[in-house]
Amino acid sequence: MGIAPNAATWLGLVSSCVKRQQYDEAIGFLKELLSSGAELDPKAHFTIIDAYTEAGAAQDALDYFDSLKAASDDRLGPNIYRAALRACKAGKDADRALELVNEVESEYGEVTKDLYTHVAEVCQSCERWNELVAVLRDMRGAGVPVSVPQLKNTYKPALTALAQQGRAMEASALFEELIEDLSRGGQWREILVAFESVEKESRDAYTYSSTMRALVNAESPVEEVLALWERMAEDGVEATRVAHRTLIVELEVQGMWQKALDIWGEMRTKGFTPDEPTFIAVLAACEKGELWETLLDVFEESKSAGFSVAESQVVARSVISACEKTGQEERRQAVVEESQRLADAKRAAIREAKAKHVQHAKRTKRYRNVERGRAKHAQRQEVSQ
């Protein structure tokens, strides 16, 4: 008398056939297993779905998944959904993959990183770029960290496809969102990988300056920022004012005052108008290098440009010190008075803002009290009637 094979035996035969690429035999064993009435555990279910997928029968895999859903009142579990998403990828069925992700979110309240990754890969393989961009944004919105493989395998094709379709603005927006998220997480290495994901011919001045700013925010080594600056020049891309400012400020913070002043010189030669953060960084660099005359010249230039940098006590002390070092007592006294005037004006503005806030709060409270009184009066009127 023969012994009927159990589920484990059937699945072993299926796996063996799949490994030997004997897909017809594998599907035959799967059909015998399903008709045998053998008891199947949850692991067997997703193994069957994967076996169908690997045997090139993605639709059979999804049909089996659908039969499980129809026959079960319980939730199927994330592993079975993963197997179904792998079948969607093999069958290039992006619409079904998106439906499955929505089902998971509805059932479990959240979508895991690997499920997001699967559906992103499906959208990519089907060249559904709009859906892929939406999925990538959902991933970041859900707090899923961006990995190097994702950057290379998912973001790069998306950025390339958008650029090739003439959708440069959308590609730029996606890149900007990506590196901002990476910078908040301190992932400066991933920022560099993201930069490499942009096709060389699509890297403009904005791409470089955004990447430099993201690297600074992610607290990358200053050498990485400098390397990107040099690469921009090698690629023949003209640096923007923002790129100059970003580098000058970072170099000054890192104590590389001479290099900061060199970039300042380049910025002035190119005719860029400095902004207030740039002036403050250059003044600090001059102080570190004890270039007192240059410091005073830059200070006067900042005033001519309409900036009140002396409002900063740190800057005021630097300028006062420069005046003392160069023996300019009258100028020193003028800076002291200007600094005091600006400080007084700032304190007065703060007091005025606080007073307005208090008045607004009082008016709001009175309004609420009046409304409360009206509501009570209306209630009493209703009761009396």
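Residues numbered from 1 in each chain as written. Predicted model: local features only at pLDDT ≥ 70, side-chain atom pairs only at ≥ 80, totals over all residues. Heavy atoms only, no water.

Named according to an unreviewed UniProt entry, the protein is Pentacotripeptide-repeat region of PRORP domain-containing protein originating from Prorocentrum cordatum.

Caption draft 1: Highlighting the state of the cysteines. According to the stated counting rule, one finds zero disulfides in the structure shown. Here Cys123 is not cross-linked by a disulfide; its sulfur's nearest cysteine counterpart is in Cys126, at 7.1 Å. (Disulfide = S-S within 2.5 Å.)

Caption draft 2: Fine view of unusual backbone geometry. Phi angles above zero are rare outside glycine, and Glu219 is one such case at about 60°. Owing to a relative accessible area of 68%, Glu219 belongs among the exposed residues under this scheme. Positive phi is not limited to glycine here, since Glu290 has a value of about 55°. Inspection of the secondary structure puts Glu290 in the loop between helix H16 (276–288) and helix H17 (292–304). On the basis of relative accessibility, which here comes to 56%, the residue Glu290 falls in the exposed class. (Buried < 20%, exposed > 50% of the residue type's maximum accessible area, 1.4 Å probe, protein only. Helix = DSSP H or I, 4+ residues; strand = E, 2+ residues; numbered from the N terminus.)

Caption draft 3: Inspection of the UniProt feature "repeat: PPR" (unreviewed entry) in the protein at higher detail. The feature "repeat: PPR" (unreviewed entry), as annotated in UniProt, sits at residues 6–40, 204–239 and 240–274 in this numbering. Note that residues 204–239 is 72% helix and 0% strand, and that its end C-alpha atoms are spaced 9 Å apart. Along residues 240–274 the backbone is 74% helical and 0% strand, and the end-to-end C-alpha distance reaches 11 Å. (UniProt positions renumbered as here; feature names shortened; annotations may be inferred.)

Caption draft 4: Inspection of the packing of helix H10 (residues 168–184) against helix H12 (residues 205–217) at higher detail. Interhelical geometry of H10 versus H12 gives an angle of 15° and a closest axis separation of 8 Å. One way to sum up the angle between H10 and H12 is to call them roughly parallel. Crossing of H10 over H12 shows right-handed handedness. Between H10, through Ser172, Phe175, Glu176, Ile179 and Ser183, and H12, the contact on the second element is made entirely by Tyr206, Thr207, Ser210, Thr211, Arg213, Ala214 and Asn217. A breakdown of the residues in the contact of H10 with H12 according to their chemical character gives four nonpolar, six polar and two charged. (Axes fitted to C-alpha atoms, helices over the stretch in contact; angles between N-to-C directions. Parallel < 35°, antiparallel > 145°, perpendicular 65-115°, else oblique. Left-handed = near helix turned anticlockwise from the far one by under 90°. Contact = heavy atoms within 4.5 Å. Nonpolar A, V, L, I, M, F, W, Y, C, P; charged D, E, K, R; others polar.)

Caption draft 5: Representation of the packing of aromatic side chains within the structure. Evaluation of the coordinates by the stated rule reveals four aromatic pairs. Aromatic side chains Phe65 and Tyr81 sit 5.3 Å apart centroid to centroid with 70° between the ring planes, which places their arrangement in the edge-to-face category. Note that Phe65 is positioned in helix H4 (residues 58–71) and Tyr81 in helix H5 (residues 78–91), a separation of 16 residues in sequence. Taking relative accessible area as the criterion, Phe65 reaches 0% and is therefore assigned buried. A relative accessible area of 5% places Tyr81 in the buried class. Chaining the aromatic ring pairs together yields one cluster made of Trp264, Phe279 and Phe307. Between Arg203 and the ring centre of Phe195, over which it is positioned, the NZ or CZ distance is 4.7 Å. (Phe/Tyr/Trp six-rings, centres within 6.5 Å; stacked < 30°, edge-to-face > 60°. Lys NZ or Arg CZ within 6 Å of the ring centre and 35° of its normal.)

Caption draft 6: Inspection of helix H13 (residues 222–234) at higher detail. With 13 residues, H13 extends 19 Å from end C-alpha to end C-alpha; this agrees with the ideal 18 Å at 1.5 Å per step. Within H13, burial applies to Val222, Val225, Leu226, Leu228, Trp229 and Met232. Take H13 and look down its axis: the buried residues cluster within an arc of 160°, on one side only. Residues Glu223 and Glu234 are exposed on H13 and point more than 90 degrees away from its buried face. Buried residues along H13 sit against helix H11 (188–197), H12, helix H14 (241–253) and helix H15 (257–269). Of the residues trailing H13, Gly236 is marked for its positive phi of about 75°. (Expected span 1.5 Å × (residues − 1). Arc of directions from axis to C-beta.)

Caption draft 7: Just the layout of surface pockets, in detail. Roughly 230 Å³ of volume is contained in the largest pocket. For the largest pocket, the lining is made up of 15 residues, of which Ala168, Ala171, Ser172, Ser202 and Thr207 are closest to its centre. Taken together, the elements giving at least two residues each to the lining of the largest pocket come down to helix H9 (148–164), H10 and H12. In terms of residues, the lining of the largest pocket owes the most to one element, H10, which gives five residues. The class makeup of the residues in the lining of the largest pocket is eight nonpolar, five polar and two charged. (1 Å grid on protein atoms, 1.4 Å probe; cavity = no way out; pocket = protein on both sides within 12 Å on 5 of 7 lines; lining within 4 Å. Points joined across faces, edges and corners; volume = space filled by probe spheres on them.)

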